[in-house]
Amino acid sequence: MMRSHRAGSLRASDDGSEVTLCGWVDSRRDHGGVVFLDLRDVEGIVQVVVDPSRAGCEQAHRVRGEWVLRVVGTVKRRPEGTVNPEIGTGEIEVAASGLEVLNESEPVPFPLDEHAGEVDEGTRLRYRYLDLRRPAMQLNLLLRSRVNSSLRDSMSRQGFTEVETPMLIASTPEGARDFVVPSRLSPGSFYALPQSPQLFKQLLMVGGVDRYFQLARCLRDEDLRADRQFEFVQYDAEMSFAGADDVMEVVGTAVADAVEAATGERPGAFPRMTWHQAQERYGTDKPDVRFGMELVDLGPVFASTGFRAFQAEAVKGIRVVGEGAASRSRLDALTDRAKGLGAAGLVWMRVGEGGALESPVAKFLSDDERRDVVSAMAAEPGDLLLMVAGERRVANHVLGVLRLDLGRPPVSEGGLRFLWVVDFPLFEGLADDGSPVPAHHPFTMPHPDDLALLDAEGVDLLGVRSQAYDLVLNGWELGSGSVRIHRRDVQERIFTLLGIAPETARERFGFLLDAFRFGAPPHAGFAFGVDRLVAILAGEENIREVIAFPKTQSGADPLTGAPGPLDPAQLRELGLAVAVPQEATTRPDPER
Ligand code: ASP
């Protein structure tokens, strides 16, 4: 055995034990006489005291940060006054009787301490293997592993079969761009990498699998953001002979199991809110309910107002507690932000003593309106009120964003607030050619009460509800699911509504329509981003921190240099010619 103990696991109860430890030199203090080394391994750090004049310890003066050592020694309680309560091993140290250098290290490009998170992204990712040595990163990977294994346990306990679906497939429409892979055996043909296993999991239901799940790797060529990478892992599930409630029950249990495994605390039942309520109260389909500041409908207050700007489809407001003293330049900045988001303007009111309103528009309002707005918003002296009037959709959206700008707590605060958002609309808008765009994906079953609307004349399709639901955590969309269409006629009807011509539908999804000819069971499913869940559990604002080897904001991997140009011979073999100018085929700036 190379070692007898993990360095970071030693405690006062090990006093007197002979130990052999292996690890990296986290730091060293050489006072000319004895040398103090902080030895780090996966469990943490322990202080080692070495006397270089002792036989077998001669190397101690030579060692430097990040050298790899094997230390033999005796655990001793630290002398009075030198106990370090900050670390688990703080009551003891190891008196070395031997020290072997297993490997040397060049000086590392950035200090591997708690400030490493502030080092620029390109450098951290270029030396990710060093970044990963930091205890914070080790903890994140450990947390992720725990979440994965508890999801697997939970799903198999709930009767689900883990099935792996293929990576080289035909395109799956999840609304993003595909990553494509050229085929060598059929030059000029391409596979798509899965945006999700959606169609395969539906085929598994037709195949009688009954309950499927997978921790599936998915790829979407979309701009990268704090909560989005090109590739991500999705907890993906599907159930036959089940509806929305069954799916929410199973997923809720699996998520609660994972949270409990990761944090030791089980979250309570997840409340539900309709999509419509979410828009009205929070101006978004993924409300962050860790804080209030809900949108207030001021329609009744201004129903017969003489103030032109408020004679609109909707007048809504938010109350910003205690911000009444905001400076003029801050209010101007908020107004610009609101306009940038599509509002015609932003009305602000400072609430003074006795509910008096100070606002550029106060003089246009009646006494009743001034009084009623204060009471409708439960405003107190010292508050700031922000209002947007216009189309309901726009007013909700603008105030929803301002609410987050002004009130959102950091990711690590406010606990875990899960929420199911249900009754999503079937369509989220209209494409340029006037055909509706699916809000979820084209395999989503319309709401049973709205099914007839699809065939009615002159119906506003944007008002048709679906049987889709999202799981939201602290304002992040964790994932989505739906009851699926399992009947060929309904699926064809939806394709037609979406403006997908029958030949195109055949060409792209013929295999699914065919499968539906042979007794497809009713089924429903769900998927959520494991990276997002783990990031929130780890208190990280960026999912990159819980992914071992992520890409930079510009989609590059500074460590391996991907993406890069292909060798001409490889291009020839694939039957490909590069049409863009040479400079465009070179690597993106790895430091970005
Ligand atoms: N395939 C969907 C997605 O990736 C999830 C689902 O409907 O199960 O968002």
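Up top is the structure these notes are about.
Our subject in this report is the structure included herewith. Along each chain, residue indices are assigned from 1 in the same order as the chain's sequence is written. Local features in this predicted model are restricted to residues of pLDDT 70 or higher, and side-chain atom pairs are both shown and tallied only at a pLDDT of 80 or more, whereas totals for entire chains, interfaces and linings draw on every residue. Excluding hydrogens and water, the side-chain values take into account all heavy atoms of the structure.

### Description of the state of the cysteines
Move 1: Here, two cysteine sulfur atoms that lie within 2.5 Å of each other are counted as a disulfide. For the structure shown, the criterion picks out 0 disulfides.
Move 2: Note on Cys-22: no disulfide assigned, nearest cysteine sulfur contributed by Cys-57 at a separation of 15 Å.
Move 3: We call a residue buried when its accessible area falls under 20% of the maximum for its residue type, exposed when it is over 50%, and partly exposed in between, using a 1.4 Å probe and counting protein chains only. Relative accessible area serves as the criterion here: at 12%, Cys-22 is assigned to the buried category.
Move 4: Owing to a relative accessible area of 0%, Cys-57 belongs among the buried residues under this scheme.

### Brief notes about the site of the ligand
Move 1: Summary of the distance rule: residues count as near a molecule or strand when at least one heavy atom falls within 4 Å of that molecule or strand. Around the ligand, the surrounding shell holds 13 residues, and the nearest of these are Glu-174, Gln-198, Lys-201, His-440 and Arg-484.
Move 2: N or O atoms within 3.5 Å of each other form a polar contact, as long as, within protein, one can give a hydrogen and the other can take it, and as long as residues adjacent in sequence are counted only when both atoms are side-chain atoms. Glu-174 has a polar side-chain atom sitting 2.6 Å from a nitrogen atom of the ligand.
Move 3: Between the ligand and Lys-201 there is a distance of 2.6 Å, counted from an oxygen atom to a side-chain nitrogen or oxygen.
Move 4: For the shell around the ligand, the secondary structure elements donating two or more residues are α4 (198–206), β21 (476–483) and β22 (523–529). For helices the rule is a DSSP run of H or I covering at least 4 residues; for strands it is a run of E covering at least 2, with both sets numbered from the N terminus onward.

### Comments concerning the sheet that holds strand β10 (residues 231–240)
Two strands in a sheet stick together by hydrogen bonds in their backbones, pointing the same way (parallel) or opposite ways (antiparallel).
Move 1: At least two DSSP bridges between two strands are needed for those strands to be called paired. The strand order across the open sheet formed by 8 strands is β6-β9-β10-β22-β21-β20-β17-β11, and the pairing between neighbours is mixed. A single partner strand is all that each edge strand has here, and the edge strands are β6 (161–162) and β11 (272–274).
Move 2: Sheet topology note: the β21/β22 ladder contains 5 bridges and is antiparallel. Bridge pairing in β22 links Gly-479 to Phe-528.
Move 3: The contact definition used throughout considers only heavy atoms, calling two residues in contact when any of these lie within 4.5 Å. Axis definition: a line fitted to C-alpha atoms, over the contacting stretch in the case of helices. Angles run 0 to 180 degrees between N-to-C directions. Against the sheet, α4 touches β9 (211–219), β10 and β22, its axis set at about 25° to β10.

### Regarding the pairing of strand β16 (residues 384–390)
Move 1: Burial runs high along β16: 6 of the 7 residues are buried.
Move 2: As judged from the 4 bridges shared by strand β14 (residues 347–351) and β16, these two strands associate in the antiparallel manner. When the sheet's bridge partners are listed, Arg-350 is paired in β16 with Leu-384.

### Regarding helix α11 (residues 502–515)
Move 1: For α11, spanning 14 residues, the distance from its first C-alpha to its last is only 16 Å, which falls clearly below the expected 20 Å at 1.5 Å a residue.
Move 2: Note that the bend at a residue is defined as the angle between axes fitted to the seven residues ending at it and the seven residues starting at it. Along α11, the helix axis deviates most sharply at Phe-509, where the bend reaches about 85°.
Move 3: Elements that come into contact with the buried residues of α11 comprise α4 and α10 (488–497). The length a helix should cover is 1.5 Å for every residue beyond the first.

### Re the nonpolar core
Move 1: Tyr-235 and Phe-528 are the most contacted members of the largest nonpolar core, which totals 66 residues.
Move 2: Element by element, the count of residues in this core is highest for helix α5 (residues 244–263), at 10 residues.
Move 3: With near-sequence residues (within four places) excluded, Tyr-235 lies in contact with Leu-151, Met-155, Gln-214, Leu-215, Val-250, Val-251, Ala-254, Phe-526, Ala-527, Phe-528 and Val-530.
Move 4: What we call a nonpolar core is a set of buried Ala, Val, Leu, Ile, Met, Phe, Trp, Tyr and Cys residues that are connected through their side-chain atoms within 4.5 Å. Judged by nonpolar contacts, the second largest core, of 24 residues, contains Ala-7, Val-46, Val-48 and Val-75.

### Some thoughts on the pattern of salt bridges
Move 1: Put simply, a salt bridge is a Lys or Arg side-chain nitrogen that is within 4 Å of an Asp or Glu carboxyl oxygen. Taken as a whole and judged by the stated rule, the model has 49 salt bridges.
Move 2: Among the ionic pairs, Arg-272 bridges to Asp-245, the shortest N-O distance being 2.9 Å. Of this pair, Arg-272 sits in strand β11 while Asp-245 sits in helix α5, placing them 27 residues apart in sequence.
Move 3: A relative accessible area of 46% means that Arg-272 is categorised as partly exposed.

### Points about the sheet that holds strand β1 (residues 18–30)
Move 1: Pairing is mixed around the closed barrel formed by 5 strands, whose spatial order is β1-β2-β3-β5-β4. The average angle at which neighbouring strand axes cross in this sheet is 55°, direction not considered.
Move 2: Bridging between β1 and strand β2 (residues 35–41) involves 6 bridges; their strand directions are antiparallel. Considered in β2, the bridge of Asp-30 is made with Val-35.

### With respect to the pairing of β22
Move 1: For β22, a buried count of 7 out of 7 residues is recorded, marking the element as mostly surrounded by other parts of the structure.
Move 2: Burial of the side chains of β22 extends over both faces: His-523, Gly-525, Ala-527 and Gly-529 are buried on one face and Ala-524, Phe-526 and Phe-528 on the other.
Move 3: Bridge count for β10 against β22 is 7 bridges, and the pairing is antiparallel. Along β22, the bridge assignment pairs Gln-234 with Gly-529.

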